[in-house]
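# Understanding the architecture of this molecule
If you want the building blocks of each chain, they are given just below.
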Amino acid sequence: MALEIVRLPVLRDNYVFVLADRDGGQAAVVDPAVAAPVIDWLEAAGCELTVVLQTHHHSDHIGGTPELLQRWPRAEVWAAASDRERIPFQTRSLADGDRLELLGRPVEVLLVPGHTRAHLAYVLPASGDAGPELFCGDTLFAGGCGRLFEGTPAQLFSSLERLAALPGDTRVWCAHEYTEANLRFAASVDPANNDLQQRITAVAALRAAGTATVPSRIDLERATNPFLRCRTPALQRAMGQQDPVAVLAELRRRKDGF
Ligand code: ZN
Ligand code: FE
């Protein structure tokens, strides 16, 4: 049984992801910023919502959940135990390393603080013909990373290192279409990176055609995302720092003002 993963563009640049088992008539949703498009999709597909996965408490990630729960009151809501106050409707409180099952696929929970102090990522390891999938909210973006609202550079660095260590063919389902702007910044700090230049060309073509750039892949991120390249001499030189955490902090500081 293959899970179908559907990307619903909502608000200005958010993506809501639906994971559907159409044969079984069940589905899950990641970070429903709003409810209406999710309800429309699930009803058209004839699927019942069984699980809402929350990566973090920001309103553009949890905003639609109460309304989804009105429509499917038995749906579980997965969220960080350490964010119980800010995601009060959670029914399954998760911690780093938890392993669960989602629509017949195993899921691993990673606590990846930095953007917020209780940010989660969900990893579906490869199984059978299906490749690995990562739902990482606002921690890792295609070509960039989330702003440091609540964590330290050291926390964000180790969070990003854990995600970068996933298998290269892991698809990266990040929560915003920020890729083009992220790559403009990347080129400004890593201009001699050929993989990055190729990616910029490819992404420009996708965007010109109105196509999403998400999902990305971990191997592409490792090769082109400056926030995953804090140990490379080119970025150490460009940031004037040796320590990779200091490189990350300087990259983040410059990106905030870019
Ligand atoms: Zn956020
Ligand atoms: Fe967000």
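We now turn to the structure provided with this report. (Residues numbered from 1 in each chain as written. Chains lettered and ligands numbered in written order. Predicted model: local features only at pLDDT ≥ 70, side-chain atom pairs only at ≥ 80, totals over all residues. Heavy atoms only, no water.)

One finds L19 and L134 to be the most contacted residues of the largest nonpolar core, which totals 54 residues. If near-sequence neighbours (up to four positions away) are discounted, L134 is found in contact with A121, Y122, V123, L140, L163, L166, T170, R171, V172, W173 and I218. Counting 23 residues, the second-largest nonpolar core is a separate cluster that includes V16, V18, A45 and C47. (Core = buried A, V, L, I, M, F, W, Y, C linked by side-chain atoms within 4.5 Å. Buried < 20%, exposed > 50% of the residue type's maximum accessible area, 1.4 Å probe, protein only. Contact = heavy atoms within 4.5 Å.)

Within the protein, H56 (NE2), H58 (ND1), H115 (NE2) and D138 (OD) serve as the donor atoms for the zinc ion (ligand 1), at 2.2 to 2.3 Å. Around the zinc ion (ligand 1), the four donor atoms are arranged such that angles at the metal cover 88 to 173°; this shape is classified as irregular. Counting along the primary sequence, the residues that act as donors to the zinc ion (ligand 1) give the motif H-x1-H-x56-H-x22-D. Separating the zinc ion (ligand 1) from the iron ion (ligand 2) is a distance of 3.3 Å, and D138 supplies a donor atom to each of them. Linking H115 in the loop between β8 (105-111) and β9 (120-124) with D138 in the loop between β10 (133-137) and β11 (140-141), this pair joins segments that are 23 residues apart in sequence. Classification of D138 by relative accessible area gives buried; the value is 4%. (Donors = N, O, S within 2.8 Å, 3.2 Å for Na, K, Ca; no water. Tetrahedral: all angles 85-135°; square planar, octahedral: opposite > 155°, others 65-115°. Helix = DSSP H or I, 4+ residues; strand = E, 2+ residues; numbered from the N terminus.)

Let us now look at the coordination of the iron ion (ligand 2). Coordination of the iron ion (ligand 2) by the protein is provided by D60 (OD), H61 (NE2), D138 (OD) and H176 (NE2), with metal-donor distances spanning 2.1 to 2.3 Å. Around the iron ion (ligand 2), the four donor atoms are arranged such that angles at the metal cover 84 to 166°; this shape is classified as irregular. For the iron ion (ligand 2), all donor residues lie on one chain, and their spacing in sequence is D-H-x76-D-x37-H. When its relative accessible area of 3% is taken as the criterion, H176 is described as buried.

What follows is about the pairing of strand β1 (residues 4-10). Relative to strand β2 (residues 14-21), β1 runs antiparallel, the two being bridged by seven bridges. Within β2, the residue paired with V6 across the bridge is V18. Connecting the antiparallel pair β1 and β2 is a turn made up of three residues, with L11 showing a positive phi of about 50°. (Pairing = 2+ DSSP bridges.)

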